[in-house]
Structures are given as C-alpha cells and as structure tokens.
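Each chain, written out:
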Amino acid sequence: MKLKTGALRKPTREKISSLLRRLYNVDSSKYVPSTLRYVCLNEDPCIIYGSKLDIGDLTVLYEDSWIALYTKKRFVPSISIVQSIYSDHGIKSAIIVKEQGVKAFLYGNDILPDSVIDTIPPIGELITVIDSTDGEIVGFVTWNPRRRIYENIFDIGLFLRKLG
Amino acid sequence: MRIELAEIYREIYVAASRDAIELSLEYGYLPYVVQRYIDILGYEGAIKLLEAFEKPVKPVVRTNTVLIDSLRLKHRLEKLGFKLENIPWSSESFWVISQPKSPTIGSTHEYLKGYYYVHRDATSLIPVHLLLHEYNGDVLDACAAPGGKATFMAQLLHEVNGVVFANDLVLYRLKVLISHFMRMKLSNVVVTWCDARKLRDKLSRKFQRILADVPCSGEGRISIDPGRKIRTSIFDLAVMVKREIEILNSLIDLLDDKGIIAYVTCSIAPEENEYVVNKILSHRNNLEVVEPPLKLLSYGKGLTEYRSLRFNPELEKCIRIWPHIHGLFGYTICLLRKKH
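Residues numbered from 1 in each chain as written. Chains lettered and ligands numbered in written order. Predicted model: local features only at pLDDT ≥ 70, side-chain atom pairs only at ≥ 80, totals over all residues. Heavy atoms only, no water.

The strands that make up a sheet pair up through hydrogen bonds in the backbone, lying either parallel or antiparallel. Residue and element names in this part refer to chain A. Read from one edge to the other, the open sheet built from five strands follows the order 1-2-3-5-6, with strand pairing classed as antiparallel. If you trace the sheet from one side to the other, it starts and ends with strand 1 (3-7) and strand 6 (74-77), each paired once. Sheet twist, expressed as the average angle between the axes of neighbouring strands with direction ignored, equals 20 degrees. Relative to strand 3 (residues 46-50), strand 2 (residues 36-41) runs antiparallel, the two sharing five bridges. Bridging across to strand 3, C40 finds its partner in C46. Sheet strands touched by helix 1 (residues 10-24): strand 2, strand 3, strand 5 (66-71) and strand 6. Its angle to strand 6, the strand with the most contacts, is close to 60 degrees. (Pairing = 2+ DSSP bridges. Helix = DSSP H or I, 4+ residues; strand = E, 2+ residues; numbered from the N terminus. Axes fitted to C-alpha atoms, helices over the stretch in contact; angles between N-to-C directions. Contact = heavy atoms within 4.5 Å.)

Here is the structure:
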C-alpha cells in the first residue's frame, strides 16, 4: 500500500476554502480549521483532516474529523461541513433524490434526472445529494449536460468500496 | 525486562496424550491444542468446547449512539427484514438473529450512513464496558484496527470530550479503521501508525485508561475461522507470547498512577493470557489485578495454575469467556491497575 501523509500547503488549503465560498457564499474560515493535514492510503481518495493535538514523535494518519476529500482529481467538502453550512445558511446547490436513485448512487452509480424529486438552487459546480427518505446528505454529483445525467463524484458508499 | 524465546518455548511446551491425539484427529486440530483443553477443562469439558467451536456465532449490530438512538435503528433494520434481539448487558447493541437475502447487514444505507458497527460476536463489547465504566477521559487503544472497540469507545466518550488515541502497526488495517471513523462521523479520535512496543518512546503523554487488545493466535475465534485449528505451532505460539509480553510491558510505562490497562486477547490460551500477565507481575511490583467493575455475565475465572505452571493468585480476578459456557467467542480479559 502506498502511503502519503503530511501538512497541507497553504495554496491547497485555499483551494478548499474558495470551493466553499464559490458553492455556498460563506466565510470559509468558520468551517475550515487553520491547520490541515492529509493522508493518501493508495492514490484515491486522499483525506484532508483538521489537526489539533501535539502528541509527540508519532506518525499521525487521521485526527478529529475529515474536512475534505481529494477524489477523481477534485476536492469534495465533508458532509459534516456542508451540514453545518446548511444549518447556518440554508440549503443551496442540492438535489433531493428518490429512494431507488439513492440506492444506485450509494453503489457508485450516477443519478438519472427522473430520480430527482426536487432541485434547490443555485446549482453550482458541485451538487449535494440529499436522500428523500430522511433528509440526510449522501454525497455529491456534477451535472453533465451532454450525457444529461448527474455524475457521481462522491457518495458515502465510497468509504466501504475504497477504504474497506 | 528481558524475556527469552527459548525460555517461553520450554515453559509452554505441551506433549499430547493419546486422548488428545484422538480428539485432534476427530475435530481437525493440532494435538497440542486439544491437550491444553483437556488439561484445563477435563476430557468431557474439552469435548464440549470443541463442539461449541463447531457452532456459528451471532453477529452483532452496535448502534452509533452519536448519530441515532438504538430503538430507531432497530425499527429501521427490522423494516428491511432483519430480525434483531436485544443484548441485555449492552443496551445499544443487538444480536442479528436472521437476515434477508439482500441487503447484507454490512451494506444497508443505515450502515453506510454510519448508524452502526457490525461485530462478528458480542464478546468484544465486554472489555470496552469494563475499561470505561464511570470514566470520562482520554484512552489509548494501542492495537486498535480494524476498530470495533475504538469506535465504541469514541462514541461512549463523545459526550464527555474524551479522545480515543487509536494506534496500530498494520497499514491496511488502519485504512479500515479510518474508514469506520469517517463513516460513523466520530471526531474525538486520533489515528497513529506505530509498533505498540515503541509507543512509550514516541508519545509525549500518559493515560488513565489503556486498551491492549494485542495481536494473538485468535484461538477463541475458531468458530468463524476454522483454519486456526492448525495454524499456530507451539513455536509460533511462543513467538506470539514473547511479543504479547513485550507489548504489555511497554504499555504499562504509558499508564498514569492509578490508571487501568485492559489486557485483552481473543484467545483462551493460558500461554497468551495468565502466563503473560504473570510474567509482567513477577517483574513489576507497581501493578495489581483488579476485579471487573461490572458483572455483565457470569464470567469464568482466570487460571492460577496450568499444567506445571503456578500463577499469581490475583490472576483469578481475570475474566474468561468460554464458547461452550457463554455461547460467545473465547476471550480473556485482565484489568491491571498501576499502584501509586
């Protein structure tokens, strides 16, 4: 297994902050800790997490909660952060999806427009997928106008599929 | 503390009797393994144990109480076709009595949303309940992957801001551990990659609670992994015992005064349990074995003698979980407190 880990450089941190600003028009400093680290266990995904504790001369692989993932060559914010933003500022850039659509999505599939019950604007470059059965966030998609489909960028089944 | 492999091998060596050889052929074990069962339990008791290992154990769903209450989870899983039964001594957990054809218990939406963890058996809940009873603080889980106990401790300590320091040496198992923490949205955690024997040189703090669920022969889990009947030779066992002594001895240096370490194995082998703890007690005078603070079930007592070996009488306070008595994995748990 390939392991890469270390402190996240400032320009990379800024990419995550600017993604949140673009998507949700929020002050990202409230949601993104000042010190971030990353761990890549194999190539994809890389996990970006907040770093708080100084515990000595140990190799730390993960801490606190995840802030973002780097997957499919793009950053995806954590579900917890987006939940916090929605709680503070209301839901934006999201689709509410039928149970069957969510089921397929959690196996890594894309979402057909027919599965979408509701769309919450403004729709940005990354769209949050909300499970209609319980209102939970289950991942993120992008709209592909050529294929006329919501392409899976990240779903919560990824932890099981990629990390075990 | 220096311990020689040759000394361990000599002390734990077992020659199999004719009875043991016959039973080992019948049940497919290495003869020395069965001889030990006869020595501890008698011939009839050994047969009961061997029979118990042939029976399946029930998997367990443990609710992630940080995200959902257990009644709501039970209702949701029962709607999917799972039949669950409450575990009387662990209010957040259920035995899975029967499952639908699809989905499996490890692939429901509820699982992916982090609402629960699936244990192969209920035994692994016991050391967590005992170690964290009436405790609000940080804990070191020195051999934490794949994370059943670490995620349980994190959810129990979530409300009181206690942090679980989850360490392991095996990278691919750490990947699974991290995945569980992320899936279950448990944030009071730190994951580190280190040989447990070297933690004392690298950590800049001590702990009031340490879980030492050490890598072992897994002799208590034969019911789900029959390969273990023949996997561990006496020499392999001696190598494991040496490592177990080294890990426990090293971790005690990370214990605060009056702190408690739970030495845990999913093994019923006296060599990996009472023998290990006895070695530590004979080399250190600042430790005592403590009674379990909760009686979750009617525990088996720790052994104070085994074949020609005599152990510290305090080891009777250790807990043995027997497959043929408790219907669970075989487990041994010793709680040790550092004296002031």
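Bringing unusual backbone geometry into the picture now. All names here are of chain A. Of the consecutive residues P121 and P122, the connecting peptide bond is found in the cis state with omega at -5 degrees. The residue P122 is located in the loop between strand 8 (116-120) and strand 9 (127-131) in this model. Phi angles above zero are rare outside glycine, and D64 is one such case at about 60 degrees. When you line up the elements, D64 lands in the loop between strand 4 (59-63) and strand 5.

Residues and elements named next belong to chain B. Listed as buried for helix 2 (residues 18-27) are A20, L23, S24 and Y27. For helix 2, the angular spread of the buried residues around the axis is 105 degrees, confining them to a single face. Along helix 2, exposed side chains directed more than 90 degrees from the buried face belong to R18, L25 and E26. On its buried side, helix 2 packs onto helix 3 (31-53) and helix 10 (228-231). One or two positions beyond helix 2, positive phi appears at G28, with a value near 80 degrees. (Buried < 20%, exposed > 50% of the residue type's maximum accessible area, 1.4 Å probe, protein only. Arc of directions from axis to C-beta.)

Covalent bonding between the sulfur atoms of two cysteines is what defines a disulfide. Under the criterion given, the structure shown has two disulfides over all chains. Bridging C40 of chain A to C46 of chain A, the disulfide has an S-S length of 2.0 Å. As the torsion about the S-S bond is roughly 110 degrees, the C40 of chain A-C46 of chain A disulfide counts as right-handed. For C40 of chain A, a relative accessible area of 8% translates into the label buried. Note on cysteine connectivity: C318 of chain B is disulfide-linked to C334 of chain B, with sulfurs 2.1 Å apart. Its torsion about the S-S bond being 115 degrees, the disulfide of C318 of chain B and C334 of chain B is classed as right-handed. With C318 of chain B in the loop between strand 13 (309-310) and strand 14 (319-321) and C334 of chain B in strand 15 (residues 331-338), this residue pair connects regions lying 16 residues apart in the sequence. Look at C334 of chain B and you get buried, because its relative accessible area is 1%. Of the cysteine sulfurs around C143 of chain B, a residue in no disulfide, the closest is that of C216 of chain B, at 10 Å. Look at C143 of chain B and you get buried, because its relative accessible area is 10%. Here C216 of chain B is not disulfide-linked; the sulfur of C266 of chain B is the nearest cysteine sulfur, at 3.4 Å. (Disulfide = S-S within 2.5 Å.)

This part covers the side chain of N188 of chain B. Residue and element names in this part refer to chain B. Position of N188 relative to the elements: it lies in the loop between helix 8 (171-183) and strand 7 (189-193). Classification of N188 as buried rests on a relative accessible area of 8%. A distance of 2.9 Å separates a polar atom in the side chain of N188 from the backbone oxygen of A154. The residues contacting N188, other than those within four sequence positions of it, are A154, L157, H158, G162, V163 and V164. (Polar contact = N/O pair within 3.5 Å; in protein donor to acceptor, adjacent residues only side chain to side chain.)

On to the packing of helix 1 (residues 5-12) of chain B against helix 11 (residues 234-252) of chain B. Residue and element names in this part refer to chain B. One can describe the packing of helix 1 onto helix 11 by two numbers: an axis separation of 9 Å at closest approach and a directional angle of 120 degrees. On the basis of the axis angle, helix 1 is oblique to helix 11. By crossing handedness, the relation of helix 1 to helix 11 is classed as right-handed. Between helix 1 and helix 11, the residues in contact are L5, I8, Y9 and I12 and I234, F235, L237, A238, V239, V241, K242 and I245, respectively. (Parallel < 35°, antiparallel > 145°, perpendicular 65-115°, else oblique. Left-handed = near helix turned anticlockwise from the far one by under 90°.)

Attention now goes to the sheet that holds strand 1 (residues 60-63) of chain B. All names here are of chain B. Read across the sheet, four strands follow the order 2-3-1-4 without closing on themselves; strand pairing throughout is antiparallel. Every interior strand has two partners, whereas the edge strands, strand 2 (83-86) and strand 4 (116-119), have only one. On average, each strand axis in the sheet is inclined to that of its neighbour by 35 degrees, with strand direction left out of account. Pairing between strand 1 and strand 4: four bridges, direction antiparallel. By the bridge assignment, V61 is partnered in strand 4 with V118. In the packing of helix 7 (residues 148-157) onto the sheet, contacts are made with strand 1 and strand 4, and the angle to strand 1 comes to roughly 30 degrees.

So, about the domain arrangement of chain B. According to the domain assignment, chain B contains domain 1 (16-53), domain 2 (60-119) and domain 3 (122-338). The distance between the C-alpha centroids of domain 1 of chain B and domain 2 of chain B comes to 36 Å. (Domains from an automatic or database assignment.)

All names here are of chain B. Scanning all chains against the criterion turns up 30 salt bridges over all chains. E22 is the salt-bridge partner of R18, the closest N and O atoms lying 3.7 Å from each other. Here R18 and its partner E22 are both found in helix 2, four residues apart, which amounts to about one turn of the helix. For R18, a relative accessible area of 69% translates into the label exposed. E22 sits in the partly exposed class, given a relative accessible area of 43%. (Salt bridge = Lys/Arg side-chain N within 4 Å of Asp/Glu carboxyl O.)

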